Amino acid sequence: QVPLEESGGGLVQPGDSLRLSCAASGRTFSDYAMGWFRQAPGKEREFVGTISRPGGTTRYADSVKGRFTISRDNTKNTVYLQMNSLKPEDTAVYYCAARYGATAVRSTDYAYWGQGTQVTVST
């Protein structure tokens with residue numbers, strides 16, 4: 001098991017920034033690629049981005065490319081999602097996920113999930 005806990009969600013206005021954190025425990029964090037996904041009401045869970053184990057490689061969904069940045073601190077067992085220029089369509093529950101080994105974009109490739117944190121972008 002790799003317990004994951006997200007934090008940092010909230011209500012913001014369009015154009016604002018927000019940083020989500022995901023803290024992991026229980027295993028060697030640096031053995032796991034990390035991913036961020038989101039799910040809006042009535043929609044399927046979708047890929048946001050992923051970061052490799054050492055953190056040197058990232059990949060993003062087209063919808064967030066250039067606005068969102070994933071980073072990780074393996075000394076703190078934490079992965080971050082920096083979200084800038086937020087839009088109302090970014091409103092969703094955001095989940096972090098872990099998978100042993102290489103990065104992946106499909107949610108089914110991730111074995112461990114956090115409980116999610118709500119991000120609402122609204123005026």
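If you're wondering where the values come from, they're calculated on a predicted model, not measured in any experiment.

Draft legend 1. Representation of the overall build of the protein chain. On a plain count of helices and strands, the protein chain comes out with zero helices and eleven strands. Written out in order from the N terminus, the α and β elements of the protein chain read β-β-β-β-β-β-β-β-β-β-β. For 123 residues, the compact-globule estimate of 2.2 N^0.38 gives 14 Å, and the C-alpha radius of gyration of the protein chain, at 13 Å, lies within 12% of that figure. Principal axes of the C-alpha set define a box for the protein chain whose edges measure 40 × 25 × 25 Å. Across the 123 residues that make up the protein chain, the buried fraction comes to 42%. For the protein chain, long-range pairs separated by at least 24 residues make up 58% of all intrachain contacts whose partners lie at least 6 apart in sequence. Carbon together with sulfur atoms contributes 44% to the accessible area of the protein chain, which is approximately 6300 Å² in total. Side-chain charges of the protein chain comprise 14 positive and 11 negative groups, with the mean position of each set lying 5 Å from the other.

Conventions and cut-offs
Residues numbered from 1 in each chain as written. Predicted model: local features only at pLDDT ≥ 70, side-chain atom pairs only at ≥ 80, totals over all residues. Heavy atoms only, no water. Helix = DSSP H or I, 4+ residues; strand = E, 2+ residues; numbered from the N terminus. Rg over C-alpha atoms; globule rule 2.2 N^0.38 Å. Buried < 20%, exposed > 50% of the residue type's maximum accessible area, 1.4 Å probe, protein only. Contact = heavy atoms within 4.5 Å. Areas by Shrake-Rupley, 256 points an atom, 1.4 Å probe, with all protein chains shown as cover. Lys, Arg positive; Asp, Glu negative; His and termini not counted. Charge placed at Lys NZ, Arg CZ, Asp CG, Glu CD.

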